[in-house]
Amino acid sequence: MSTTLLLVQVLNGLQLGVLLFLVAAGLTLVFGVMDVINLAHGVQYMLGAYLMVTATALTGSFWLGLPLALVAALVLGLVLERLVIRPLYGRDHLEQVLATFGVILFVNEGVKMVWGAAPLAIPMPDALSGSIRLMDGLNYTVYRLALLGAGLLVAGGLYLLVTRTRSGMLLRAGASNAPMVSALGVDIGALFAKVFAFGAMLAAFAGAMAGPILSVEPGMGDGLLILAFVVIVIGGIGSIRGAFVAALLVGLIDTLGRSFLTDLLKLVLPPSDATQVGPALASMSVYLLMACVLFFRPRGLFPAPA
Amino acid sequence: MRALALLLALFAALAVVPLAADTYVVALVTRAMIFALAAVSLDFILGGAGLVSFGHAALMGIGAYGVGILMEEGTREALIAFPAAMAAAGLFALVTGAVSLKTRGVYFIMITLAFGQMAFFVAQSLSAYGGDDGLSLAARSTVAGQRWLKSPVTFHYATLGLLILITALCALILASPFGRVLRAAKENERRVRALGIDPYPYRLVAYGLAGAFAGLSGALLANLTEFVSPAFLSWHRSGELIVMVVAGAMAASALGVRAGGAGRLGGAVLGAVGVILVEEGLAHLTEHWRIVFGPLLVLLVLLGGWRGRRA
Amino acid sequence: MVWGRDLRRAGLAAALGVMLPTGIVLPLGTAMADPVKVGLVSTLSGPSAVLGQHMRDGFLLAVKEMGGKLGGQETEVIVVDDELKPDVAVQKVKGLLDRDKVDFVAGVVFSNVMGAVVKPVTGNETFLISGNAGPSTIAGAGCSPFFFSASYQNDQNHEVLGQYAQQKGFKKVVLMAPNYQAGKDAIAGFKRHYKGEVVEEMYTQLGQLDFSAELAKIAAAKPDAFFTFMPGGMGVNLVKQYRQAGLADTIPFLSAFTVDETTLPATGDAALGFYSGAPWAPNLDVPANKAFVAAFEKEYGYIPALYAAQGYDAAKLIDSAIKATGGKLSDKEAVRAALKKADFTSVRGNFKFNTNQFPIQDFYLVKVGKRPDGKVETMVDEKVFSNYGDVYAAKCEMK
């Protein structure tokens, strides 16, 4: 175990965190602002990846495919909002859970029928393939650095959007008192639709960006959805800042746990026990983190003002 | 009294199944009843106390593993194994509940998921008991030394009997002063606290009981499949249980059964049996049955309205 | 609005009215007929569906080629999806046995599903022909006269790589597998014939997407070779990331069930030069195999993987037994004796049954290469084992 290895793992953890943030951001906005639990958020991530597969195949280019896939995801987000989500505003959370669960079943199966059950791939853009030397003995894939950069950029942009612009102001106002905003002549329905579609597009962006390093397969959003929920709960629902901090935390703990926990346990346990317990404990680490955070802060790290 | 009528009709229908159907349908309906039992135990806290557990499959799985592990160690007797399975699941619920019940709403959903996942990963790493490959049971449990459960029909009626017993028990508890505190705290916690009652211990006891009941359903599931597997504890299964309870409650309200009390529990039975039978029926029609089932769930929500709109 | 509420309620009641009867009535509608019935259990939903799809397509292709008949008898193949859930699999298998009264159950991709269904099927004295899963319990002490494997024993493909690494004289290796039973079996299988140093043994989370943490450790350990068992989408991710991390050119990538025709469409050129161990490859030079691969690609438009070949062989095996007994399937002893002869032309060439009714066959080191038409597939590199049986057969009490 060297400092180089530790550094690489920290980078990897941050990169997973950024990916989680892109998915969690939309989820926490929809939840916090519109008070809708949207389980279908994971399939929007998956759709982003699949749309990207088709878009890159059609255009033959990653850079042309990306905007195409994002626009398609945005449109699909608007359609989903109109058909399923809009009637659910103000309804019981469990009803939202049931309906959006139905959407998951539908989309997962639909994707399998359209694109097939076999995993698919998105080719990595030439400009970003290959690796660069960060320091002695440490090569790192350019694409992963780009992913990290893109995620941080989006996070920054989102922060400015929410805190500095008129749309952001309406968003925050709508979240705290929707009827009042509506009474002041703002079309709250249109605002919600925009927020939802924007969140869908962020998730799709994550899926499209993850495609070149991860396999694109039916159901790929389900596991990520659960992790995204872990993130927004640790961060505090409705808080973009919380989602950002929690996403990085979850990414780091998960990655570092997987790489170092077994070795650490070997210091205190016999090696055979350590290899037995280590991986199981590493798999649990994220959930342990969540349980601990909620025990001490039942409303997450950055609870939204009531 | 529509609630009671719904329950009685359901139980009567389940009781006549072995008279009219082949062994496959009997086994299918037995499986549906086992999930109904799990769904009732979930609805006991979900509908009764507003506690949405997203780790309920873990409680069920612990019950299943209780039977499996005891049998591996040489104890085949249901009169020992079933109470042990219930105790194990109940204890797990009490310990995790003590922590989880500090939180509310979605935070509670997620913290129960966390504990469920931990149990899942533990089951997966139990090499001595098959790990991820699961554990095969030598045979079904004996009852007082007799191999009654071997017969599908006896097993069917034993399951039905336990389902009726637990449903009645849950309904009685919800109707008791204890249950009234639970329901009142669900509607308006502040008012209950103002009356000088802390809902926490009530909720904890209810959660522990629900765990024990779920453990019983797991013990039955282990016997039905004669196999236990970490897949029993996965979060997907917890999600399915929530779907059964909620879909059942909405279907029941559509049939004009008022939400609350025994009516709720009837909804859970209806939901579990309905979901399993519809899934099976659609799967016979097409491999892509989810493309139909998904929109059906959406329609159920959009057309129905269970407790109506929130304030 | 009162009427609105009632309308809704009526609509819902109508929806329920449709849903419940379809659910109840359909399972009741039994079809009784004369043809030979085979229940094919496969995993057709979820991320692993592609494996089950290969197996199903291979099996159905064989039946189709024989004119919809097995052993000259009209045959009905009932395909069921086990959803990769053991309890669901048991439910479906009970339907096949009790309702459809199938003569054979074939298929099963995953060992945990096999573990759950083996008892109900063999306990019912119905023959179970595995199209893939071959857990050690069934090969050893838990062997059954009603269980035949048309595939391999789980450890064997891993043993191929261990043996190869030993022959090549690799001094240090790093091993990696998901943290579940099959993963641990894989590592044990590799180590059976490998006597060099294992510098690192890593267990990853099942369903893990990102392997950058592990890859960094491999790079740091600088082994002579890397062995992994990483099935499905996990393998796709690992292969791509291994290539991207620049390890592909320096540390040989040995694997089992990681690079094959189910994952190669997704990994593409990234997997070129990666090794795997298997009893078969699409270019295996056996006449029956050439015909099979050509027919399969024509029928389904994709290159078959091992699962497809095994599904195809499973159907041929059943065909041979029905033929030999003249369709008299009630005589279980005769059917068993006929199955044991393995009197069919396997796409794998050498194929006979061991005492535990698992195959004795050849195993190859296969390497990912490019065909003349530009598609990638696994290609036979060298034969590692000849007429190789599994180590568990000794524990099986059958003769």
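Counting restarts for each chain, with residues numbered from 1 along the sequence as it is written. Here chains are named by letter from A upward and ligands by number from 1 upward, in the order in which they appear as written. Whole-chain, interface and lining totals are the exception, using all residues; otherwise, since this is a predicted model, local features are given only for residues with pLDDT of at least 70 and side-chain atom pairs are given and counted only at 80 or more.

Draft legend 1. View of the overall build of chain C. Segments assigned H or I by DSSP are reported as helices when at least four residues long, segments assigned E as strands when at least two residues long, and all are numbered from the N terminus. The secondary structure content of chain C amounts to 13 helices and 14 strands. Our radius of gyration looks at C-alpha atoms and nothing else; its globule reference is 2.2 Å times the residue count to the power 0.38. Radius of gyration (C-alpha) of chain C: 23 Å, near the 21 Å computed for a compact globule of 399 residues. Judged by the C-alpha coordinates and their principal axes, chain C covers about 70 × 70 × 45 Å. To assign burial, the other C-beta atoms lying within 10 Å of each residue's own C-beta are counted, with C-beta atoms placed from the backbone; 20 or more indicates buried, 12 or fewer indicates exposed, and intermediate counts indicate partly exposed. Residues classed as buried in chain C amount to 61% of the 399 residues present. Taking the intrachain contacts of chain C between residues at least 6 apart in sequence as the baseline, contacts between residues at least 24 apart amount to 71%. It is the C-beta atoms, placed from the backbone, that decide contacts: two residues are in contact if theirs lie within 7 Å.

Draft legend 2. Seen up close, the overall build of chain A. The helix and strand tally for chain A stands at 11 helices and two strands. Ordering the α and β elements of chain A from the N terminus gives α-α-α-α-β-β-α-α-α-α-α-α-α. Against the compact-globule benchmark of 19 Å for 306 residues, chain A has a radius of gyration of 20 Å, which places it among compact chains. In terms of overall dimensions, chain A has C-alpha extents of about 65 × 50 × 35 Å along its principal axes. Taking all 306 residues of chain A together, 57% fall into the buried category. A separation of at least 24 residues holds for 76% of the contacts in chain A among residues at least 6 apart in sequence.

Draft legend 3. Main features of the confidence of the model for chain A. Confidence in the prediction of chain A, expressed as mean pLDDT, is 88, and 97% of residues score 70 or more. In the model of chain A, strand β2 (residues 138-141) of chain A stands out as the element of lowest mean pLDDT, 74, in contrast to helix α2 (residues 41-59) of chain A, which has the highest, 95. Residue-level confidence of the predictor is what pLDDT reports, using numbers from 0 through 100.

Draft legend 4. Quick look at the interface of chain A and chain B. Contacts between the two partners involve 35 residues from chain A and, on the opposite side, 35 residues from chain B. At the level of secondary structure, the elements contributing two or more residues to the side of chain A that touches chain B comprise α4 (93-115), α9 (220-235) and α11 (271-296) of chain A. Of all the elements, α4(A) adds the most residues to the side of chain A that touches chain B, at 14 residues. Any residue outside Ala, Val, Leu, Ile, Met, Phe, Trp, Tyr, Cys, Pro, Asp, Glu, Lys and Arg is labelled polar, Gly included; the first ten of those are nonpolar and the last four are charged. Class assignment for the residues of the side of chain A that touches chain B results in 24 nonpolar, six polar and five charged.

Draft legend 5. Molecular detail of the nonpolar core. A set of buried Ala, Val, Leu, Ile, Met, Phe, Trp, Tyr and Cys residues, joined through C-beta atoms within 7 Å, is what we mean by a nonpolar core. One finds Ala204(A), Val231(A), Met290(A), Ala36(B) and Ala39(B) to be the most contacted residues of the largest nonpolar core, which totals 368 residues. Ranked by the residues each element gives to this core, the list is headed by helix α2 (residues 23-49) of chain B, at 20 residues.

Draft legend 6. Structural context of helix α1 (residues 2-20) of chain B. End to end, α1(B) covers 26 Å across 19 residues, agreeing with the expected 27 Å (1.5 Å per residue, within 8%). Taken together, the buried positions of α1(B) are Ala3(B), Leu6(B), Leu7(B), Leu10(B), Leu14(B) and Pro18(B). Take the number of residues in a helix, subtract one, and multiply by 1.5 Å to get its expected span.

Draft legend 7. Structural view of the confidence of the model for chain C. With 92% of its residues at a pLDDT of 70 or more, chain C shows a mean pLDDT of 88. Among the scores for the predicted complex, ipTM is 0.87 and pTM is 0.86.

Draft legend 8. Local environment of the sheet that holds strand β6 (residues 147-149) of chain C. Strand order across the open sheet formed by six strands is β2-β3-β1-β4-β5-β6 (chain C), with mixed pairing between neighbours. Whereas interior strands pair on both sides, the edge strands pair on one side only; in this sheet they are β2 (69-70) and β6 of chain C. Two strands pair if DSSP finds at least two bridges between them.

Draft legend 9. A look at the pairing of strand β4 (residues 104-107) of chain C. All names here are of chain C. Burial along β4 is two-sided: the face carrying Phe-104 and Ala-106 and the face carrying Val-105 and Gly-107 are both buried. Sheet topology places strand β1 (residues 36-42) next to β4; four bridges connect them, and they run parallel. Directly across from Val-41, in β4, lies its bridge partner Gly-107. The parallel pair β4 and strand β5 (residues 127-130) is bridged by helix α4 (residues 111-123), and the resulting crossover is right-handed. Place the viewer so that the strands point away; then a crossover is right-handed whenever the path from the first strand over the helix to the second strand goes clockwise.

Draft legend 10. Quick look at unusual backbone geometry. You will see that Glu226(B), though not glycine, has its phi angle at about 50°, which is positive. Notably, Glu83(C) is not glycine yet its phi reads approximately 55°, a positive angle. Within the secondary structure, Glu83(C) is located in the loop between β3 (73-81) and α3 (86-99).

Draft legend 11. Representation of the packing of α2(B) against helix α6 (residues 152-175) of chain B within the structure. Residues and elements named next belong to chain B. Think of each axis as a best-fit line through the C-alpha atoms, taken over the contacting stretch in the case of a helix, with angles from 0 to 180 degrees between the N-to-C directions. Between α2 and α6, the shortest axis-to-axis distance is 9 Å and the interhelical angle comes to 15°. With respect to their mutual orientation, α2 and α6 come out roughly parallel. α2 and α6 meet at a crossing whose hand is left-handed. A class-by-class count of the residues in the contact of α2 with α6 yields 18 nonpolar, seven polar and no charged. Note that the term roughly parallel is reserved for angles under 35 degrees, roughly antiparallel for angles over 145, roughly perpendicular for angles of 65 to 115, and oblique for everything else. By convention, the crossing between two helices is left-handed when the near helix turns anticlockwise from the far helix through less than a right angle, and right-handed when the turn is clockwise.

Draft legend 12. Molecular detail of helix α10 (residues 235-254) of chain B. Residue and element names in this part refer to chain B. Between the first and last C-alpha of α10 there are 28 Å, a value that for 20 residues agrees with the 28 Å anticipated at 1.5 Å per step. Among the 20 residues that make up α10, 18 are buried, leaving the element largely enclosed by the rest of the structure. At the C-terminal side of α10, Gly-256 shows a positive phi close to 90°.

Draft legend 13. Molecular detail of the environment of Val228(B). Residue and element names in this part refer to chain B. Mapped onto the elements, Val-228 comes out in strand β2 (residues 227-228). The buried category is assigned to Val-228, around which 33 C-beta atoms lie within 10 Å. For the pair Val-228 and Thr-167, spaced 61 residues apart in the sequence, the C-alpha separation amounts to 25 Å. Ignoring anything within four residues of it in the chain, the contact list for Val-228 reads Ala-64, Tyr-65, Gly-68, Gly-134, Leu-135 and Ala-222.

Draft legend 14. Looking closely at the environment of Leu84(C). Residue and element names in this part refer to chain C. Mapped onto the elements of the fold, Leu-84 is located in the loop between β3 and α3. Along the backbone, Leu-84 and Leu-70 are 14 residues apart, and their C-alpha atoms lie at a distance of 28 Å. Apart from the residues within four sequence positions on either side, Leu-84 is in contact with Thr-43, Gly-46, Ser-48, Phe-110 and Val-113.

Draft legend 15. Representation of the packing of helix α3 (residues 56-72) of chain B against helix α5 (residues 105-124) of chain B in the model. Residues and elements named next belong to chain B. At a closest axis distance of 9 Å, the pairing of α3 and α5 adopts a crossing angle of 30°. Here α5 runs roughly parallel to α3, going by the angle between their axes. Helix-helix and strand crossings are classified by hand; for α3 and α5 the assignment is left-handed. Where α3 approaches α5, its residues Ala-57, Ala-58, Gly-61, Ile-62 and Tyr-65 are matched on the opposing element by Phe-115, Gly-116, Ala-119, Phe-120 and Ala-123. Grouping the amino acids of the contact of α3 with α5 by side-chain chemistry returns eight nonpolar, two polar and no charged.

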